[in-house]
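Listed below, chain by chain, are the residues.
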Amino acid sequence: MINFQYVRATDVADAVHRIAADPAATFIAGGSNLIDLMKYDVERPSRLIDITRLPLKSVEETADGGLRIGALVSNSDLAYHPLIAARYPLLASAILAGASAQLRNMASTGGNLLQRTRCYYFYDTATPCNKREPGSGCSAISGLNRMHAILGTSEACIATHPSDMCVALAALDARVHAAGPAGARTIAFSDFHRLPENTPERDTNLQPNEIVTAVELPARGFAANYTYLKIRDRLSYAFALVSVAAALELQGDTIIEARLALGGVAHKPWRDPTAEAALREQAPSQATFNRAADVFLRDAKAFGHNAFKINLAHRAIVRALIQAAAGTPQSQSDKKIR
Amino acid sequence: MTNYIGTATSRIDGRAKVTGEAKYAGEFNITGLAHASVVASTIAKGRIARIDASAALSVEGVLDVLTHLNRPPMASADSAYDDDTAPEGSPFRPLYNDRIWFNFQPVALVVAEKPEIARFAAALVRVEYEEQAHVTDLHRQRDKAFALEPGKNHSAPPKPRGTAEQAFAAAAVRHRGEYYVPIEHHNPIELFASTVIFESDGKLTVYDKTQGVQNVQRYLCNVLGTEPEEVRVMSPFVGGAFGSGLRPQFQAVLAALAARALKRSVRLALTRQQMYGLSYRPAMIQQIELGASAGGTLDAIAHDAITVTSQYEDFHRQETGWSGLLYRCANATYAHRLARLDLETPCDMRAPSAATGVYALECAMDELAVALKLDPLELRLRYYSDRDQNTDRPYSSKSLRECYRQGSQAFGWDKRNPEPRSTRDGTELVGWGMASGVWEALQVPIAARIVLTANGHAEVSCATSDIGTGTYTIMAQVAAEMLGLPLDNVTVKLGDSTLPQSPVEGGSWIAASVSNGIATTAGAVREELLRLAKQMPNSALADATADEVTLADGMLVSKRDATCAVSIAEAMRHRGVDRIEQEKSTTFDDDGSHAHNTHSAVFAEVKVDEELGVIRVTRVVSAIAAGRILNTKTARSQIIGGVVWGIGMALHEETLIDHNFGRIMNANIAEYHVPVNADVYDIDVIFVDELDAIVNPLGIKGLGEIGIVGVAAAIANAIYHATGMRVRDLPITLDKLQR
Ligand SMILES: Cc1cc2nc3c(=O)[nH]c(=O)nc-3n(C[C@H](O)[C@H](O)[C@H](O)COP(=O)(O)OP(=O)(O)OC[C@H]3O[C@@H](n4cnc5c(N)ncnc54)[C@H](O)[C@@H]3O)c2cc1C
Ligand code: SF4
């Protein structure tokens, strides 16, 4: 852990100004990921810009029937917010599937988006890692990769994005609001996180001098037919091996809209328009769901220890779609899988 | 008179623990305390070529950077590094020379005014290595493993018996299986730490996280070359250790070296990651073969084990012997080989050798039951033995049959459908499995001191540790009962090397040893009181002998006639005595005629999602026979803890090593999985009555270890019953259940 300076931002403009002024500075929100990384000497910020006092803690309704969630709303507050619980239970469920109550109390919405991979090598400065040290090599490809990605990988990096919340946000077509020296902009959720390609050191398309100010949810919440199904190595407090956010809109016996996002399988929450198209205008059935899962995983590629994930993801997709279609979402407290 | 032994007494140190008043090794403060931080090796094997500490030394607040080149003198002979629990070999010495034996080995120690500065500066120390090729993979090294030999290695397997080869050839049914247990780390919640107070006269007072203060005290004196009175080691509270604190660990040496170098008090607390360089339960490959007749006899057992050790010591325990001990069987052979890896030396971890050896045996027994189409419990009853089969001796007590009976009844075992995959609960397959457990009832020489004052208070002391098991409480219970005092009038002192002799706390031997030790000393107190009482005018006990009286409610009372009694306070006052102090050593004479063991029967229910493989252990019943139970509350906690750990062993625990780097990659408790609350459902603990008049005067057998033994096997067997899939490699993660 290195010596660093600490400052507190007074408002969003001040935060942006400070981060733009010092390329080695970093924002700190809940600190639940950043402090760990600093202790492991992975993050070595010259300066921490504390943003926790910024007025970004509200959940507000938008003109088009959606919600705008401030970047500093804690994961706990968000999961238990009445509007989220009523209109976007998929998001509430995904948040509650993650981490522990104590961590969710600290974790912020913005920090959750920007948390970094849990790849073992990324955390250990004694080993090569392209994400941590570009060009040093990827230790996971020929090493311990049971947790690693099966979709969208590159020769440079096969890490996954660890968030649960983001999988739901991806399924819900959220938008990320950011502010930077050039002003404010919005980023579609699918464009927010990146694939590793040749620049695994960059997790997102947020610019280093930008701050996330809010996440916006469109009106459509899929509150009737959804589920968040997280498969992990113990029944709580573990990152997803595979997780599935499934959201359907049914008209009679026909799926008129389908969303499917997977966690634990890629460098970003993974969506696949073709697989969703394979669900639309179909009656919910095992056969339909199987087909969608086949399509979803058609390009899946494993690296040894994570070979099981392809099969597991397939079964998890089908089960999640069954849960969503039946209107019996996975409980996050009763650990029996429905 | 109040009985304390056998009651559900709450921990006498419970309040101190939950209020934070109880201090652990890293929490003792003194003005001028300096703080140290370890620089740990990033290679598995080789030599240190160069250490550049200049950047670290230039940080304001850094006092020194110790390496093998500039540390204070330390002993060179292997014997100086020996300790009560050291295996054969040449013990590890931190900062001794340029050799690197394992990843995370300490290579430098930064000492600074503040912990943050020390940690920052530690990251600035540049170490260059000459790397050598390493091996950390047991599977790669299994063919190079060498055999343990009876006579040469202290825990070599027992002698074979009968003619196993012929018996296998004649057996109607044979089962052979290979079972794997990975490296597991202890991960006590309290981080390993030592606070070394540099006293004005140069003596050292060391607050250390350890299971044996006197072991550490002797070790430090030998390593530092000091006289015994120059080092005092204390450890009043220990936040779990599970075997990792049996041997003196390197943080104590490093902190002491730094204190001597700087002539200042120094604290060193390891990080969680660095604790993965202390020690671990060795990985092991076990092969078991069982041969049985169709008619219900077990005719042959062969148990081979290959376990991990380091390049410099031969750590081993007897994994294989349990197989030949437990069941009636005329023929048995064993083999145990050690594989050297470039890792630190393994050490004991809860129920060392039994948690693992019995896991393999009890899974194999389940497989044999399947092959014989017999109920697994029925199989064990048919093979039941009232004699230790290895040594052909009777047991001082063995109530395993009663464990089977009470455990199976509480579980409802008779409703089990023997067919695998026969029971469903919605999308889940339900499975029931069982296993037996066995551990030794050990006892070791120990001393205890009692100081009784005329105001009716007693202080009982012994250098043993309380590693969280409840030793404080049972010591108070036994003393209160033996002295006839209210529990609140007894204070307990332990965890201080200046107190009466105690071995390390481990092996489940302390409860039996210290309790009998206190009873012996209390007997001496009683004798002394009787001597005083007799001197009173018209003493009611004038003719009584020591074994005719007891102490109860502040009185010395005749066992024959309760009206013949003398007040303790009056007897002492009469002679002008305000305190009676007695210290006695207790040894346990064992004529070798009986085997002493504790036993358990474990029944587990699992529910496994058929498609996804997600496993839930929904019910465990553990029936325990462990002699006299001193405190049903702390004892129950011990067993629950053992069961939870068994769930972890079955489903979660695994130290992940990248063999390319020879480095542990999940060295933290986010990625090293142990069960969380969600993984733990109902645990029912039954203590079976077991009177043992032979093992020791109080009939105590100890129960720290027995709770974990058999649990992983019961769960693995239940998973087979649920799914029809036999997974022999632990942990049973869901990927291993994919079809
Ligand atoms: C043991 C453990 C288990 C966990 N398990 C799970 C799990 O199962 N599922 C899961 O989803 N998560 C899990 N988490 C991760 C947890 O969700 C994240 O640590 C948390 O969401 C991060 O939020 P934070 O506010 O604490 O971020 P911080 O640690 O403060 O910041 C993280 C990063 O985000 C940046 N940042 C923060 N806010 C902003 C902003 N507004 N704009 C721009 N940059 C910003 C910071 O600069 C930093 O780089 C776990 C964490 C731990 C430690
Ligand atoms: S997978 Fe990515 S994060 Fe992990 S070692 Fe490779 S480059 Fe680093």
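Since the structure is predicted, the reported quantities are computational estimates derived from the model, not experimental observations.

### Concerning the interface of chain A and chain B
Interface size is commonly expressed as the accessible surface area that is lost when the partners come together. With 40 residues of chain A at the contact, the number on the chain B side is 39 residues. Together, the buried faces of chain A and chain B total about 3,500 Å²; carbon and sulfur atoms form 57% of this surface. Where chain A packs against chain B, one counts seven salt bridges. Taking the shortest distance from any N to any O, the salt bridge between A:Arg319 and B:Asp609 comes out at 2.8 Å. Our count for the contact surface shared by chain A and chain B stands at 13 residue pairs in polar contact (both at pLDDT 80 or more). Those elements giving two or more residues to the side of chain A that touches chain B turn out to be α8 (120-123), β9 (225-231) and α13 (308-326) of chain A. Sorting elements by how many residues they give to the side of chain A that touches chain B places α13(A) first, with six residues. Here the side of chain A that touches chain B is composed, by residue class, of 19 nonpolar, seven polar and 14 charged.

### A word on unusual backbone geometry
Residues and elements named next belong to chain B. Looking along the chain, the bond that leaves leucine 730 and enters proline 731 is cis, with omega of -10°. With respect to the helices and strands, the residue proline 731 is situated in the segment after α17 (711-723). Backbone geometry places alanine 351, a non-glycine residue, at a positive phi of 55°. For alanine 351, the position within the fold is in the loop between β17 (329-340) and α10 (354-372).

### Overview of the environment of A:Ile49
Residues and elements named next belong to chain A. Take isoleucine 49: it is sitting in strand β3 (residues 47-50). Its relative accessible area of 0% is what places isoleucine 49 among the buried residues. Between the C-alpha atom of isoleucine 49 and that of aspartate 14, which follows or precedes it by 35 residues, the distance is 9.9 Å. Ignoring sequence-local partners within four residues, the contact set of isoleucine 49 consists of Val7, Ala9, Arg18, Ile19, Ala25, Thr26, Phe27 and Ile28.

### Quick word on the site of ligand 1
Taken together, 35 residues surround ligand 1, and among them A:Phe27, A:Gly31, A:Ser32, A:Ser108 and A:Asp164 come closest. Per-site note: the chains with residues close to ligand 1 are chains A and B. Interatomic distance of 2.5 Å between a backbone N/O atom of A:Phe27 and an oxygen atom of ligand 1. Between ligand 1 and A:Asp164, the relevant distance is 2.7 Å, taken from a nitrogen atom to a side-chain nitrogen or oxygen of the residue. For ligand 1, whose accessible area on its own is 980 Å², the fraction buried by protein is 94%. Of all the secondary-structure elements, those providing two or more residues to the shell around ligand 1 are β2 (25-28), α2 (34-39), α7 (109-114) and β8 (211-217) of chain A. Here the shell around ligand 1 gets four residues from one element, more than from any other, and that element is α7(A).

### Regarding the site of ligand 2
By nearness alone, 14 residues border ligand 2, and A:Cys119, A:Cys129, A:Cys138, A:Cys157 and A:Ile158 come closest of all. Broken down by class, the residue content of the shell around ligand 2 amounts to 10 nonpolar, three polar and one charged.

### Examining the domain arrangement of chain B
Residue and element names in this part refer to chain B. Once the domains are mapped, chain B shows domain 1 (18-133 + 189-241 + 245-275), domain 2 (369-442 + 592-737) and domain 3 (444-586). Look at where the C-alpha atoms of domain 1 and domain 3 centre, and you get two points 39 Å apart. At the interface, 18 residues of domain 1 touch 18 residues of domain 3. Counting across the interface, domain 1 meets domain 3 through one salt bridge. The salt bridge partner of arginine 232 is aspartate 496, with a shortest N-O separation of 2.5 Å. There are nine residue pairs in polar contact (both at pLDDT 80 or more) connecting domain 1 and domain 3.

### Some words on the pattern of salt bridges
If you walk through the whole model with that rule in mind, you get 68 salt bridges over all chains. Across the salt bridge formed by A:Lys230 and A:Asp164, the nearest N and O atoms sit 2.8 Å from each other. Here A:Lys230, found in strand β9, pairs with A:Asp164, found in the loop between α8 and α9 (165-171); they are 66 residues apart in sequence, far enough to count as distant. Residue class for A:Lys230 comes out buried when judged on its relative accessible area of 8%. In this structure, B:Arg424 and B:Glu610 form a salt bridge, with 2.6 Å as the shortest nitrogen-oxygen distance. Of the two residues, B:Arg424 is situated in strand β20 (residues 423-425) and B:Glu610 in the loop between β29 (597-609) and β30 (615-625); the sequence distance between them amounts to 186 residues. Through salt bridges with shared partners, one network takes in A:Asp173, A:Glu257, A:Arg259, A:Arg271, A:Glu276 and A:Arg280.

### What to know about the packing of aromatic side chains
Residue and element names in this part refer to chain B. Inspection of the entire model under this criterion finds 21 aromatic pairs over all chains. Taking the centre distance of 6.2 Å and the plane angle of 90° together, the rings of tyrosine 179 and tyrosine 359 count as edge-to-face. Of this pair, tyrosine 179 sits in strand β9 (residues 173-181) while tyrosine 359 sits in helix α10, placing them 180 residues apart in sequence. Residues tyrosine 179 and tyrosine 359 agree in their burial class; the two are buried.

### Overview of the packing of helix α6 (residues 213-224) of chain B against helix α7 (residues 250-262) of chain B
Helix-helix packing is characterised by the crossing angle of the two axes and by the distance between the axes. Residues and elements named next belong to chain B. Relative to each other, α6 and α7 sit at 50°, their axes nearing to 11 Å. For the element pair α6 / α7, the angle class is oblique. At the point where α6 passes α7, the crossing takes the right-handed sense. When α6 is examined against α7, the residues Tyr219, Leu220, Val223 and Leu224 are found in contact with a partner set consisting of Ala252, Val253, Ala256, Leu257 and Arg260. The class makeup of the residues in the contact of α6 with α7 is eight nonpolar, no polar and one charged.

### Focus: the pairing of strand β15 (residues 298-309) of chain B
Residue and element names in this part refer to chain B. Counting buried positions along β15 yields 10 of 12 residues, so the element is predominantly enclosed. Here strand β14 (residues 284-292) pairs with β15 via nine bridges, running antiparallel. The partner of alanine 292 across the bridge, within β15, is leucine 298. A loop of five residues connects β14 with β15, the two strands running antiparallel in sequence, and glycine 296 in this loop sits at a positive phi of about 110°. Sheet topology note: the β15/β17 ladder contains 11 bridges and is parallel. Bridging across to β17, isoleucine 301 finds its partner in alanine 332.

### Observations regarding the sheet that holds strand β12 (residues 231-234) of chain B
For sheets, the rule is that strands pair by backbone hydrogen bonds, running either parallel or antiparallel. Residue and element names in this part refer to chain B. Spatially, β3-β6-β1-β13-β10-β11-β12 is the arrangement adopted by the seven strands of the open sheet, whose pairing is mixed. Bordering the open sheet on either side are β3 (62-66) and β12, each of which pairs with just one other strand. Put simply, the sheet's adjacent strands are angled 20° from each other on average, direction ignored. Pairing of strand β10 (residues 193-198) with strand β11 (residues 204-208) involves five bridges; the strand directions are antiparallel. Within β11, the residue paired with serine 194 across the bridge is aspartate 208.

Conventions used here
Residues numbered from 1 in each chain as written. Chains lettered and ligands numbered in written order. Predicted model: local features only at pLDDT ≥ 70, side-chain atom pairs only at ≥ 80, totals over all residues. Heavy atoms only, no water. Contact = heavy atoms within 4.5 Å. Buried area = accessible area lost by both parts, 1.4 Å probe. Salt bridge = Lys/Arg side-chain N within 4 Å of Asp/Glu carboxyl O. Polar contact = N/O pair within 3.5 Å; in protein donor to acceptor, adjacent residues only side chain to side chain. Helix = DSSP H or I, 4+ residues; strand = E, 2+ residues; numbered from the N terminus. Nonpolar A, V, L, I, M, F, W, Y, C, P; charged D, E, K, R; others polar. Buried < 20%, exposed > 50% of the residue type's maximum accessible area, 1.4 Å probe, protein only. Near = heavy atom within 4 Å. Areas by Shrake-Rupley, 256 points an atom, 1.4 Å probe, with all protein chains shown as cover. Domains from an automatic or database assignment. Phe/Tyr/Trp six-rings, centres within 6.5 Å; stacked < 30°, edge-to-face > 60°. Axes fitted to C-alpha atoms, helices over the stretch in contact; angles between N-to-C directions. Parallel < 35°, antiparallel > 145°, perpendicular 65-115°, else oblique. Left-handed = near helix turned anticlockwise from the far one by under 90°. Pairing = 2+ DSSP bridges.

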